[in-house]
Amino acid sequence: MPQPNEQNFTKKDRKKQFKEQKRLERERILAAKKRKKYLTYAVLVMALGVSGYLGYDYMTEITKYAVPIMDSPHLSSLTQPHEPYNTNPPTSGPHFEGHVEQKISNQPIPKEIQVHELEHGGVLIQYNCKNCDDLIAKLEKHTRSSEHVIMAPYPDMDAKIALTAWGKLAKLNDYDEEIITEFIKANAGKNHGN
């Protein structure tokens, strides 16, 4: 059977074919626009999701371990009476203008001096355990990682390890290198003094 060719089409058939081609072209263009629109929406949703996550992550990092900050008057002596601290170990509050003699101490540091060290960007790593030489060695490693880190025993707490910075407190019942490193990185050297 012979194939129809364009010469055998009537004017009406050619017009119908032209309209069909135009309709198919319009559908192709509309489909392309629709794909582009959906792709744009997808990119926007992803961008909003990423920025939301980063914003949440940033806010979480700022508020992580945060505790209320107390008024912090200077005391004239270590024995001067003052209001009790709102955290144990303390993270702000009344303090004495003294410094620790050694970054790594085998004696507890008076709370009033702890707060003064925190005010000037210090991070304290304190521990409450007996016969825990392995733990102490690990904590000493962190203490040596920054000039702003101080370490001492602290028998008067309900955790094995306490990390303190100005207005921040993290208590750990077991050694966690990631948390300790993160805490030091986020808080060491941030001066809050006058």
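Right above here is the structure, for reference.
Undergrad: Go over the overall build of the protein chain, please, and point to the residues and values.
TA: Of regular secondary structure, the protein chain possesses four helices and six strands. Along the protein chain, helices (α) and strands (β) appear in the sequence α-β-β-α-β-α-β-β-β-α when read from the amino end. Residues counted as buried form 31% of the 194 residues belonging to the protein chain. For the protein chain, the proportion of contacts with a sequence separation of at least 24, taken over those separated by at least 6, is 62%. With the model as given, the accessible surface of the protein chain reaches about 13300 Å², and the carbon-plus-sulfur share is 55%.

Undergrad: Hey, could you go over helix α2 (residues 111-119) for me, with residue numbers and the actual values?
TA: In terms of burial, α2 is a largely internal element, eight of the nine residues being buried. Every buried residue of α2 is listed here: Glu-112, Ile-113, Gln-114, Val-115, His-116, Glu-117, Leu-118 and Glu-119. On its buried face, α2 sits against β1 (74-75), β2 (95-96), β3 (123-127), β4 (149-153) and β5 (161-165). Immediately beyond the C-terminal end of α2, within one or two residues, lies Gly-121, with a positive phi of roughly 90°.

Undergrad: Describe the sheet that holds β5, and please don't skip the residues or the numbers.
TA: Read across the open sheet, the four strands follow the order β4-β3-β5-β6; overall the sheet is mixed. In the strand order of this sheet, the two ends are held by β4 and β6 (168-172), each with one partner. Strand-to-strand twist in this sheet, taken as the mean axis angle between neighbours without regard to direction, amounts to 15°. Two elements, β5 and β6, share five bridges in a ladder whose sense is antiparallel. Opposite Leu-163, over in β6, you have Ala-170 as the bridge partner. Contacts from α2 reach β3, β4 and β5, with the element oriented near 140° to β3. Against the sheet, helix α3 (residues 133-143) makes contact with β3, β4 and β5, and its axis sits at roughly 160° relative to β4, the strand it touches most.

Undergrad: Can you lay out the side chain of His-95 for me, pointing to particular residues and giving the numbers?
TA: Here His-95 lies in strand β2. Here His-95 falls in the buried class, since its relative accessible area comes to 0%. A polar atom in the side chain of His-95 sits 3.1 Å from the side chain of His-74. Residues within four places of His-95 in sequence aside, it is in contact with Ser-72, Pro-73, His-74, Leu-75, Glu-112, Val-115, His-116 and Glu-119.

Undergrad: Outline the state of the cysteines, supporting the account with residue identities and numerical values.
TA: This model, assessed by the stated rule, comprises one disulfide. The disulfide that involves Cys-129 links it to Cys-132, with 1.9 Å between the sulfurs. Taking the torsion about the sulfur-sulfur bond, which here is approximately 70°, the covalent link between Cys-129 and Cys-132 counts as right-handed.

Undergrad: Just give me the short version of unusual backbone geometry, but keep the residues and values in it.
TA: A cis amide bond links Asn-88 with the next residue in sequence, Pro-89, at an omega value of 0°. Inspection of the secondary structure assignment puts Pro-89 in the loop between β1 and β2. Phi is positive for Asn-131, close to 50°, though the residue is something other than glycine. Positionally, Asn-131 belongs in the loop between β3 and α3. A relative accessible area of 83% means that Asn-131 is categorised as exposed.

Basis of the calculations
- Residues numbered from 1 in each chain as written.
- Predicted model: local features only at pLDDT ≥ 70, side-chain atom pairs only at ≥ 80, totals over all residues.
- Heavy atoms only, no water.
- Helix = DSSP H or I, 4+ residues; strand = E, 2+ residues; numbered from the N terminus.
- Buried < 20%, exposed > 50% of the residue type's maximum accessible area, 1.4 Å probe, protein only.
- Contact = heavy atoms within 4.5 Å.
- Areas by Shrake-Rupley, 256 points an atom, 1.4 Å probe, with all protein chains shown as cover.
- Pairing = 2+ DSSP bridges.
- Axes fitted to C-alpha atoms, helices over the stretch in contact; angles between N-to-C directions.
- Polar contact = N/O pair within 3.5 Å; in protein donor to acceptor, adjacent residues only side chain to side chain.
- Disulfide = S-S within 2.5 Å.

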